[in-house]
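Remarks on the overall topology
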Amino acid sequence: MNPILFAVIVLVVLGLVGGLILVLAAKFMAVYEDPRIAEVTECLAGANCGGCGYAGCSDYAKAIVEDGAPIYKCAPGGDKAADAIARIMGADSGDRPSLRATVLCAGGENCGRRFEYKGIQTCAAAAAVAGGPSACAYGCLGLGDCTRACKFDAIHVVNGVAVVDRSKCTGCTACTAVCPRQIIQMKPIAPQPAVKCSNKDKGALVNKICKVGCIACGLCVRSCPQQAIFLKDNVAVIDYTKCNGCGTCVTKCPKKAIQWVEGAPRPMDAPVPAPEVR
């Protein structure tokens, strides 16, 4: 037999055998993936923001299908995404918490400074230098780490302190994750006030360093008709399971540390607070 023809035949046979092996391997070694994972992924916003607590949209979709994770955690996708996922999963969409970011500080220009900071213009870097330039060791540093983390242009530094635009906030929690002072927290979307202070120092010291800091005087606690406020670590805390948004605490606070949350509508009969001290 012609050597060249023999070589061609051998190569063809080897190719057929190799192809058969690959086909069999693909069949018997294939890893099954529930097709619903791809369907759920398509329903998500695709922002890969991590606000759901997973590495990205595909990981979150896999957790929904395989582990029964809550279907409403895609904040950018909102109710539309949750409803679509519910249809795919054949499940009730369930209760969805309506939370948005709230900065628990109104300091900024209302707060004194210990020194002029000239270093890298990030909150994380400033906080690493003797605790930061702000006279308040608990307040907003105002250098915008949260604004850079937000993909929805929902938070900006105004007069030295971060302010949330709740009409744009999706509740993704990206800002809460990067704040070195951990003063950005998630609060209900409701006509309710918030204690815009996180300072745990004694009232006399707070009085010296911040015009709008909570001094733990307890007036809000005594005035709240719902008994929805208590003091913890020298700062007022609102129990939102009891608060009905009457606004009494807002008007009674002598330091104006309790304010209506940005973007939260006040009830029509709620008292109007005095102008914020600047």
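Preceding this paragraph is the structure being described.
As the structure is a prediction and not an experimental result, all values here were calculated from the model.

All right, on to the overall build of the protein chain then. The helix and strand tally for the protein chain stands at 10 helices and eight strands. Scored against the burial criterion, the 278 residues of the protein chain give a buried share of 39%. In the protein chain, the share of contacts with a sequence separation of at least 24, taken over all contacts with a separation of at least 6, comes to 56%. Entry remark: accessible area of the protein chain is about 15200 Å², with carbon and sulfur atoms responsible for 58%.

Moving on to the packing of aromatic side chains. Under the definition given, this model contains one aromatic pair. Taking 5.5 Å as the distance between ring centres and 25° as the angle between the ring planes, the aromatic pair formed by Tyr 54 and Tyr 60 counts as stacked. Here Tyr 60 falls in the buried class, since its relative accessible area comes to 1%.

A separate point is the nonpolar core. Core analysis: the largest hydrophobic core is formed by 20 residues, its most contacted members being Val 195, Ile 229, Ile 238 and Ile 258. Elements with a contribution of two residues or more to this core: β5 (193-195), β7 (235-238), α10 (248-252) and β8 (258-260). Per element, the largest residue contribution to this core is three residues, and it comes from β7. Grouped together as the second largest cluster of nonpolar side chains are 16 residues, Ala 101, Cys 169, Cys 179 and Ile 183 included.

Another point: the packing of helix α2 (residues 35-43) against helix α4 (residues 78-89). The geometry of α2 relative to α4 is characterised by a closest axis approach of 9 Å and an angle of 165° between their N-to-C directions. As judged from the angle between their axes, α2 and α4 are roughly antiparallel. For the pair α2 and α4, the crossing hand works out as right-handed. Every residue of α4 that contacts α2 at Arg 36, Glu 39, Val 40 and Cys 43 is listed here: Ala 81, Ala 84, Ile 85, Ile 88 and Met 89. In the contact of α2 with α4, the residues fall into seven nonpolar, no polar and two charged.

Tracing the backbone through its elements, the reader meets Ala 228 in the loop between α9 (219-223) and β6 (229-232). For the pair formed by Ala 228 and Thr 241, sequence separation is 13 residues and the distance between their alpha carbons is 7.8 Å. With residues up to four places along the chain from it excluded, the contact list for Ala 228 reads Val 237, Ile 238, Asp 239, Lys 242 and Cys 243.

Turning our eyes to something else, we now look at unusual backbone geometry. For Asp 153, which is not glycine, the phi dihedral falls at a positive 55°. Here Asp 153 is to be found in the loop between α6 (145-149) and β2 (155-158). Notably, Asn 159 is not glycine yet its phi reads approximately 55°, a positive angle. Within the fold, Asn 159 resides in the loop between β2 and β3 (161-164).

For the rest of this paragraph, the subject is helix α3 (residues 57-67). Each turn of an α-helix holds 3.6 residues, which means side chains three or four residues apart point in the same direction. Buried within α3 we find Cys 57, Tyr 60, Ala 61, Ala 63, Ile 64 and Val 65. On its buried face, α3 is in contact with α2 and α4. Within two residues after α3, Gly 68 carries a phi angle of roughly 70°, on the positive side.

Take the packing of α2 against α3 next. At a minimum axis separation of 8 Å, α2 and α3 run at an interaxial angle of 130°. When the axis of α2 is compared with that of α3, the two are oblique. Viewed along their axes, α2 and α3 form a crossing whose handedness is right-handed. Two secondary-structure elements touch here, α2 through Arg 36, Ile 37, Val 40 and Thr 41 and α3 through Cys 57, Ser 58, Ala 61, Lys 62, Ile 64, Val 65 and Glu 66.

Evaluation of the coordinates by the stated rule reveals four salt bridges. Arg 113 is the partner of Glu 116 in a salt bridge, and the nearest nitrogen-oxygen pair spans 3.8 Å. One salt bridge in this structure joins Arg 148 and Asp 145, with 2.8 Å as the shortest N-O distance. With Arg 148 and Asp 145 both in helix α6, this residue pair falls three residues apart, about one helical turn.

What counts and how
Residues numbered from 1 in each chain as written. Predicted model: local features only at pLDDT ≥ 70, side-chain atom pairs only at ≥ 80, totals over all residues. Heavy atoms only, no water. Helix = DSSP H or I, 4+ residues; strand = E, 2+ residues; numbered from the N terminus. Buried < 20%, exposed > 50% of the residue type's maximum accessible area, 1.4 Å probe, protein only. Contact = heavy atoms within 4.5 Å. Areas by Shrake-Rupley, 256 points an atom, 1.4 Å probe, with all protein chains shown as cover. Phe/Tyr/Trp six-rings, centres within 6.5 Å; stacked < 30°, edge-to-face > 60°. Core = buried A, V, L, I, M, F, W, Y, C linked by side-chain atoms within 4.5 Å. Axes fitted to C-alpha atoms, helices over the stretch in contact; angles between N-to-C directions. Parallel < 35°, antiparallel > 145°, perpendicular 65-115°, else oblique. Left-handed = near helix turned anticlockwise from the far one by under 90°. Nonpolar A, V, L, I, M, F, W, Y, C, P; charged D, E, K, R; others polar. Salt bridge = Lys/Arg side-chain N within 4 Å of Asp/Glu carboxyl O.

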